[in-house]
Amino acid sequence: MVSLNLRFVGTYQDALGALGDPTRRLIFEHLTRGPRAVGELANELPVSRPAVSQHLKALKDAGLVVDRAVGTRRIYHVNPAGVAGLRAYLDQVWGDALTAFQAFLEEKP
């Protein structure tokens, strides 16, 4: 059962889709350890710098990361608001699943 009360539907769907890609998920996990520039991420991962940039764009479009200019570089970090929206969605889905499971157990003789 899907709740009709979920806010930011596009946001959590975009975030889930973005994290569905293993490379984007790995980049996101690296950013949870601290801000990084594209070049730093490319050095830490088995993907090219242009590929890292493309994945960062997808993560940014999904609201999971933000960037800021530092000289000629862009530094990327996790967007707390985007993660909070995704977490709220997952908490609600998990809560609904636990409620349904409890109801199922209470129905059993």
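Going by the structure above, here's the rest.
Computed from a predicted structure; not experimentally measured.

Procedures and definitions
- Position numbers for residues count from 1 along each chain, tracking the sequence in the order it is written.
- Reporting in this predicted model follows two pLDDT cut-offs: at least 70 for local features of residues, and 80 or more for side-chain atom pairs to be given and counted; totals over whole chains, interfaces and linings ignore these cut-offs and use all residues.
- Only hydrogens and water are removed before side-chain values are computed, so all heavy atoms of the structure are retained for them.
- At least two DSSP bridges between two strands are needed for those strands to be called paired.
- Counting from the N terminus, the helices are DSSP H or I runs at least four residues long and the strands are E runs at least two residues long.
- Throughout, nonpolar core names a set of buried Ala, Val, Leu, Ile, Met, Phe, Trp, Tyr and Cys residues whose side chains join them through atoms within 4.5 Å.
- The buried label applies to any residue whose accessible area, calculated with a 1.4 Å probe on protein chains only, is under 20% of its type's maximum; exposed applies above 50%, and partly exposed to all values in between.
- The contact criterion used throughout is that any non-hydrogen atoms of two residues lie within 4.5 Å.

(A) Local environment of the pairing of strand 3 (residues 73-78). In terms of strand pairing, strand 1 (residues 36-37) meets strand 3 through two bridges, oriented antiparallel. Its bridge partner being in strand 3, Arg36 is matched across the sheet by Tyr76. As paired elements, strand 2 (residues 65-70) and strand 3 share six bridges and run antiparallel to each other. Residue Asp67 lies in a different strand from strand 3, and its bridge partner there is Tyr76. Hairpin connection between strand 2 and strand 3: a loop of two residues separates the two successive antiparallel strands, and Gly71 in this loop has a positive phi of roughly 65°.

(B) The nonpolar core, seen in detail. Judged by nonpolar contacts, the single largest core of 18 residues is most densely connected at Ile27, Leu31, Leu41, Val52, Leu56, Leu59 and Leu64. Contributions of two or more residues to this core are made by helix 1 (9-19), helix 2 (22-31), helix 3 (38-44) and helix 4 (49-61). Once residues lying within four places of it in the same chain are set aside, the contact partners of Leu64 are Ala15, Ala18, Leu19, Phe28, Leu59, His77, Val78, Asn79, Gly82, Val83 and Leu86.

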